[in-house]
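# Structural overview
One-letter residues, chain by chain:
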Amino acid sequence: MNLISQILQEKRRNSTCALIPFLTAGYPNITTTIEALYTLDKQGADIVELGIPYSDALADGPLIQQSSKVALDQGIYIDQVLGLLNQINGNLNVPIVIFTYYNPILARGLNKFIKEISLLGVRGLIVPDLPIEETDYLICICRNYNIELVLFIAPTSPKSRIKNILSKAPGCVYLVSTTGVTGIRNHINDQIYDLASYIRSNTDKLVMLGFGISSPSQVSKISHWNIDGIVIGSAFTKILSSQHCINNLKSFCFEIKQAIKTTDNH
């Protein structure tokens, strides 16, 4: 079992959830991204998603799209993200999962890209627009380099597609909490509880939930569901756009960890 699934499995055994912050690499700049990664590591984040800036990020809402634009305007592309990973490689306890779209890695070469991130210590990969037809091939490459490919399940997916995805997923799946793009939302769709329960009853695959989760109260609620990891992106991105962002990041991470700790999950 890959490290990403191991962490989620351990959380399930202990009836709790993993905290998985998302950062856009290079937002608001490379130096702050590195400082934020060290801060999240010290504050007890269990896994960190690091997004490669992309101009056509269809799954991302306004905050993360803007963070990508800011990074791209500074010339942050795959090579610069690899340079960032090289700087932090071996210095973090928290494992990194790369979040990127299919076209950039296809253009670079699937095998080349997977090999590069593996050598730089990355342990997982999420590609939200990966065609289901390409899944088996990419899983095979990832397996060769000890990278866990995390597959997406949308709330609109028919049961037949969900079962197909679950049969292919190496260890865990990313359940999207709402239709549409990422972003801060006031409410989390309660129907996701039913979908998470359906997944749990049909497989032993682990489940991380993301899109729209932004507050300790939402986290506290979700922690009672059949979820093994909670991804928070836009809320962390918003903090990084503020003054004193590292101190604010530290405080918010602590609040979220407390919201998870104080629950009686599953």
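Analysis parameters
Residues numbered from 1 in each chain as written. Predicted model: local features only at pLDDT ≥ 70, side-chain atom pairs only at ≥ 80, totals over all residues. Heavy atoms only, no water. Helix = DSSP H or I, 4+ residues; strand = E, 2+ residues; numbered from the N terminus. Rg over C-alpha atoms; globule rule 2.2 N^0.38 Å. Contact = heavy atoms within 4.5 Å. UniProt positions renumbered as here; feature names shortened; annotations may be inferred. Buried < 20%, exposed > 50% of the residue type's maximum accessible area, 1.4 Å probe, protein only. Salt bridge = Lys/Arg side-chain N within 4 Å of Asp/Glu carboxyl O. 1 Å grid on protein atoms, 1.4 Å probe; cavity = no way out; pocket = protein on both sides within 12 Å on 5 of 7 lines; lining within 4 Å. Points joined across faces, edges and corners; volume = space filled by probe spheres on them. Nonpolar A, V, L, I, M, F, W, Y, C, P; charged D, E, K, R; others polar. Core = buried A, V, L, I, M, F, W, Y, C linked by side-chain atoms within 4.5 Å. Phe/Tyr/Trp six-rings, centres within 6.5 Å; stacked < 30°, edge-to-face > 60°. Lys NZ or Arg CZ within 6 Å of the ring centre and 35° of its normal. Expected span 1.5 Å × (residues − 1). Arc of directions from axis to C-beta.

So, on to the overall build of the chain. Helices and strands together make up the secondary structure of the chain, namely 12 helices and eight strands. Here the chain has a C-alpha radius of gyration of 17 Å; the compact-globule value for 266 residues is 18 Å, and the two agree. Principal-axis analysis of the C-alpha atoms places the extent of the chain at approximately 45 × 40 × 30 Å. For the chain, the proportion of contacts with a sequence separation of at least 24, taken over those separated by at least 6, is 76%.

Now for the UniProt feature "active site" (unreviewed entry) in the chain. The residues that UniProt annotates with the feature "active site" (unreviewed entry) are E49 and D60. What makes E49 buried here is its relative accessible area of 1%. Setting aside residues up to four positions removed in sequence, E49 forms contacts with I20, P21, F22, L23, V97, F99, I126, Y174, M208 and V231.

In total, this model carries nine salt bridges according to the counting rule given. Across the salt bridge formed by R200 and D228, the nearest N and O atoms sit 3.4 Å from each other. Here R200 is found in helix α9 (residues 191-202), whereas its partner D228 is found in the loop between α10 (216-222) and β8 (229-232), with 28 residues between them in sequence. Take R200: its relative accessible area is 23%, and that puts it in the partly exposed class. Three or more residues are tied together by salt bridges with common partners; here these are K11, D46 and K257.

Attention shifts here to the layout of surface pockets. Taken as a whole, the second largest pocket encloses approximately 170 Å³ of empty space. In this structure, the second largest pocket is lined by 15 residues; those nearest its centre are N89, L92, V94, P95 and G121. Split into classes, the residues belonging to the lining of the second largest pocket amount to nine nonpolar, five polar and one charged.

Core analysis: the largest hydrophobic core is formed by 77 residues, its most contacted members being L85, I98, L125, L175 and I232. With eight residues, helix α12 (residues 245-261) is the largest single contributor of residues to this core. Ignoring any residue separated from it by four or fewer positions in sequence, one finds L85 in contact with L50, I96, I98, L120 and V122. Of all hydrophobic cores here, the second largest spans 23 residues; its members include F22, I64, V176 and L206.

Within the secondary structure, K115 is located in helix α6 (residues 110-119). Note on K115: relative accessible area 40%, which makes it partly exposed. Distance from K115 to Y145, taken between C-alpha atoms, is 6.3 Å for residues 30 residues apart in sequence.

A separate point is the packing of aromatic side chains. The geometry of two aromatic rings is summed up by the distance between their centres and the angle between their planes. With the rule as written, the count across this model stands at eight aromatic pairs. Summarising the aromatic geometry, the rings of Y54 and Y101 are spaced 5.2 Å apart at their centres and angled 25° between planes, so their arrangement reads as stacked. Here Y101 lies in the loop between β3 (96-99) and α5 (102-108) and Y54 lies in the loop between β2 (48-51) and α3 (62-73), a separation of 47 residues in the sequence. Taken individually, Y54 and Y101 each receive the classification buried, so the pair is uniform in this respect. When the ring of F236 is compared with that of F252, the centres are 5.1 Å apart and the planes differ by 75°; the resulting orientation is edge-to-face. Highlighted residues: F236 in helix α11 (residues 234-240) and F252 in helix α12, separated in sequence by 16 residues. F252 shares its class with F236; the two are buried. Among the aromatic residues, ring-to-ring pairing joins F22, Y54, F99 and Y101 into one connected group. When the ring centre of Y198 is taken as origin, the NZ or CZ atom of K159, which lies over that ring, is 4.4 Å away.

So, about α3. Its 12 residues give α3 an end-to-end C-alpha distance of 16 Å, which sits within 8% of 16 Å, the value for a rise of 1.5 Å per residue. Looking only at α3, the buried set comprises I64, S67, S68, A71 and L72. End-on view of α3: buried residues confined to an arc of 135°, all on one side of the axis. The exposed set on the far side of α3, more than 90 degrees from its buried face, consists of P62 and D73.

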